[in-house]
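Observations on chain architecture
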Amino acid sequence: MKNLVVGAGFSGATIANLIATQLDEEVVIIDKKDHIAGNCFDYRDENGIMIHKYGSHIFHTKSEKVWAYLKQFTDFNTYMHKVVGYLDGIEAQIPFNFNTLYQVFPKTMAKNLEEKLLDNFAYNTKVPILEFQKQDDDDLKYLANYVYEKIFLHYTTKQWGVPPKDVDGAVTARVPVYLSKDNRYFQDKYQGIPLEGYTKVVEKMLDHKNIEVRLNTEFKDVDASKFDRIFYTGPIDEYFNYKFGQLPYRSVNFKFETHNKEYYQSNACVNYPCNYDFTRIHEYKYYLGDKSEKTVIAKEYSEFFELGKNERYYPIPKDENTVLYNKYLEETKKLDNVYFLGRLGDYKYYDMDKAILRAIELFEEVCK
Ligand code: UDP
């Protein structure tokens with residue numbers, strides 16, 4: 001069997017790797033960009049700092065299967081992501097937790113709120129902000145409004161173009177109010193940054209005699225009829241020439257700056273939920289502990305995706321978009337041996353581990 005994989009990000013690289021190694025079949029993998037690894041692409045710059053070109057990528061998973069799979073290609077450091085938010089002059093932990101409470105309020109006030117929270121919620125629970133706002137107690141109502149206003153309202157409006165109530169609840173629930181003292185952004189058992197970067201991981205996944213990588217190559221440049229199976233990780237609406245209309249996405253614009261000092265900020269990622277027009281600042285040297293007298297940061301600005309102008313980053317989870325996506329999904333059922341996967345192929349807000357798991361499961365379903 002001859003296989004074509006469209007897109008050399010984690011989804012495409014996983015399916016290509018599994019077909020080549022488990023089935024001993026030939027795979028051609030194409031990407032329209034001039035590099036592999038999709039939006040996980042990273043590179044060392046002239047200062048020796050590993051830059052995540054498309055924004056910070058922190059690997060985290062609960063899945064033993066995904067972890068074991070990736071460990072074939074890389075070791076990880078023990079970096080566990082923490083985020084601080086700049087909340088009107090105070091740097092405090094995000095997600096909002098008991099430590100944040102004491103960082104932003106005077107001690108007696110924080111203590112009172114802490115006790116009320118413990119009376120109302122089990123310790124270590126995660127409560128989505130839209131749920132957390134449903135409070136009867138006046139003090140907790142005040143707290144909920146504070147968290148909503150300072151952490152969610154303006155960030156979400158910058159990031160999605162609409163306030164939290166108009167964004168699918170699952171999106172804001174990714175960063176809950178956390179009734180805990182755990183400052184980590186993720187609670188997954190396995191977390192870390194690949195020691196030689198993400199691009200190297202994908203390079204190793206694709207380094208196989210059965211795999212041919214073709215960069216700067218669009219799907220339309222390839223004679224698809226020469227292949228027995230096609231795995232398409234590009235945008236599903238583009239595959240069908242937008243016949244039902246375009247699926248909307250959010251895009252991101254990174255403004256990079258190099259500074260002549262060792263560190264720019266206190267943490268790898270500082271969110272600006274209620275100040276400025278960027279959402280967050282990434283400082284890349286933190287991820288692998290790179291040593292340099294200089295430091296590189298990126299300010300992240302969110303914007304709508306426009307065809308031909310910028311890149312797709314985030315599918316927008318919303319009922320009307322799901323209806324449109326489902327129309328395309330119906331069309332895929334009329335095709336033989338063409339399979340869709342990945343953030344763009346499935347139109348789903350996958351984290352890296354979920355994209356890899358989806359590719360592994362699709363492989364098991366289709367190729368076994
Ligand atoms: N969010 C927010 N304030 C923050 C962090 C996150 O309002 O300080 C909301 C926002 O809507 C965001 C969502 O939570 O899009 C998910 O955040 P996450 O950090 O998981 O997004 P990603 O890293 O995937 O962009």
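Residues numbered from 1 in each chain as written. Predicted model: local features only at pLDDT ≥ 70, side-chain atom pairs only at ≥ 80, totals over all residues. Heavy atoms only, no water.

Turning our attention to the sheet that holds strand 1 (residues 2-6). Pairing within the open sheet is parallel, and its five strands lie in the order 11-2-1-12-18. Single-partner strands in this sheet number two, and they are strand 11 (211-214) and strand 18 (338-340). Sheet twist, expressed as the average angle between the axes of neighbouring strands with direction ignored, equals 15°. Summarising the sheet, strand 1 and strand 2 (residues 26-30) pair through five bridges and their orientation is parallel. Within strand 2, the residue paired with Lys2 across the bridge is Glu26. In the packing of helix 1 (residues 10-22) onto the sheet, the strands contacted are strand 1, strand 2, strand 11 and strand 12 (229-232), and the crossing angle to strand 2 comes to about 165°. Each of strand 12 and strand 18 is contacted by helix 13 (residues 352-367), which is oriented at about 160° to strand 12, the strand it contacts most. (Pairing = 2+ DSSP bridges. Helix = DSSP H or I, 4+ residues; strand = E, 2+ residues; numbered from the N terminus. Axes fitted to C-alpha atoms, helices over the stretch in contact; angles between N-to-C directions. Contact = heavy atoms within 4.5 Å.)

A separate point is the site of the ligand. Near the ligand you find 16 residues, and of these Trp160, Arg174, Tyr185, Tyr314 and Tyr349 are the closest. Between an oxygen atom of the ligand and a side-chain N or O atom of Tyr185, the distance comes to 2.5 Å. Tyr314 places a polar side-chain atom, nitrogen or oxygen, 2.4 Å from an oxygen atom of the ligand. For the ligand, whose accessible area on its own is 530 Å², the fraction buried by protein is 94%. Contributions of two or more residues to the shell around the ligand are made by helix 6 (138-160) and helix 7 (169-172). It is helix 6 that contributes the most residues to the shell around the ligand, six residues altogether. Looking at the shell around the ligand residue by residue, the classes come out as 10 nonpolar, four polar and two charged. (Near = heavy atom within 4 Å. Polar contact = N/O pair within 3.5 Å; in protein donor to acceptor, adjacent residues only side chain to side chain. Areas by Shrake-Rupley, 256 points an atom, 1.4 Å probe, with all protein chains shown as cover. Nonpolar A, V, L, I, M, F, W, Y, C, P; charged D, E, K, R; others polar.)

Ranked by internal contacts, the top residues of the largest apolar core, which has 109 residues, are Phe10, Phe96 and Leu143. Considering each element in turn, this core owes the most residues, 10 residues, to helix 6. Those residues in contact with Leu143, other than ones at most four positions away along the chain, are Phe96, Leu101, Phe105, Leu113, Leu117 and Phe132. With seven residues, the next largest nonpolar core counts Val84, Tyr272, Ile281 and Tyr301 among its residues. (Core = buried A, V, L, I, M, F, W, Y, C linked by side-chain atoms within 4.5 Å. Buried < 20%, exposed > 50% of the residue type's maximum accessible area, 1.4 Å probe, protein only.)

A few words now on empty space enclosed by the protein. Across all of its chains, the model carries one cavity of 30 Å³ or more by this definition. The volume enclosed by the largest cavity comes to roughly 40 Å³. In terms of lining residues, the largest cavity is bounded by Phe96, Asn97, Phe98, Leu117, Phe132, Leu143, Val177, Tyr178 and Leu179. Broken down by class, the residue content of the lining of the largest cavity amounts to eight nonpolar, one polar and no charged. (1 Å grid on protein atoms, 1.4 Å probe; cavity = no way out; pocket = protein on both sides within 12 Å on 5 of 7 lines; lining within 4 Å. Points joined across faces, edges and corners; volume = space filled by probe spheres on them.)

The subject of this paragraph is helix 6. Of all the bends found along helix 6, the most pronounced is centred on Glu149 and spans about 40°. Structurally, the start of helix 6 carries an N-cap: the backbone nitrogen of Asp139 is 2.8 Å from a side-chain oxygen of Asp137. Where helix 6 terminates, the next one or two residues include Gly161, which has phi positive at roughly 80°. (Bend = angle between axes of the 7 residues up to and from the residue.)

The tally for this structure, following the rule as stated, stands at 39 aromatic pairs. Relative to Tyr347, the ring of Tyr325 has its centre 6.3 Å away and its plane inclined at 25°; by these criteria the two rings are stacked. Taken together, the positions of Tyr325 in helix 11 (residues 319-332) and Tyr347 in the loop between helix 12 (342-345) and helix 13 put the pair 22 residues apart, joining distant regions of the chain. Grouped by ring-pair contacts, the aromatic residues Phe219, Tyr232, Tyr239, Phe240, Phe244, Tyr328 and Phe340 constitute a single cluster. Cation over ring: Lys33 sits above Tyr54, and NZ or CZ is 4.2 Å from the ring centre. The lysine or arginine in question, Lys285, covers the ring of Tyr263, its NZ or CZ lying 4.8 Å from the ring centre. (Phe/Tyr/Trp six-rings, centres within 6.5 Å; stacked < 30°, edge-to-face > 60°. Lys NZ or Arg CZ within 6 Å of the ring centre and 35° of its normal.)

We now examine the sheet that holds strand 6 (residues 83-87). With respect to topology, seven strands assemble into an open sheet ordered 7-6-14-15-16-13-17, the strand pairing being mixed. Every interior strand has two partners, whereas the edge strands, strand 7 (90-94) and strand 17 (314-315), have only one. With two bridges connecting them, strand 6 and strand 14 (residues 269-271) associate as parallel partners. The residue of strand 14 that forms the bridge with Val84 is Val270. Running at roughly 75° to strand 16 (residues 295-304), helix 6 makes contact with strand 6, strand 7, strand 13 (249-259), strand 14, strand 15 (280-283), strand 16 and strand 17 of the sheet.

The next thing to look at is the pattern of salt bridges. Under the defined criterion, the tally for this structure stands at 30 salt bridges. The partner of Glu364 in a salt bridge is Lys65, and the shortest N-O contact between them spans 3.1 Å. With Glu364 in helix 13 and Lys65 in helix 2 (residues 64-71), the pair connects residues that are 299 residues apart, well separated along the chain. Here the salt bridges share partners, and the residues they tie into one network are Lys116, Asp137 and Asp139. (Salt bridge = Lys/Arg side-chain N within 4 Å of Asp/Glu carboxyl O.)

All right, on to the side chain of Asp353 then. Following the sequence through the fold, Asp353 ends up in helix 13. Looking at Asp353, its side chain comes within polar contact range of the side chain of Thr61, at 2.8 Å. Once you skip the residues sitting within four places of it in the chain, Asp353 turns out to touch Phe59, His60, Thr61, Lys62 and Val66.

The next point concerns the packing of helix 1 against helix 13. Closest axis-to-axis distance for the helix 1/helix 13 pair is 8 Å, and the angle between their directions is 35°. Note that helix 1 runs across helix 13; the crossing there is right-handed. Touching Phe10, Ser11, Thr14, Ile15, Leu18, Ile19 and Gln22 of helix 1 are Met352, Ala355, Ile356, Ala359, Ile360, Leu362, Phe363 and Cys367, all from helix 13. Taken together, the residues of the contact of helix 1 with helix 13 break down into 12 nonpolar, three polar and no charged. (Left-handed = near helix turned anticlockwise from the far one by under 90°.)

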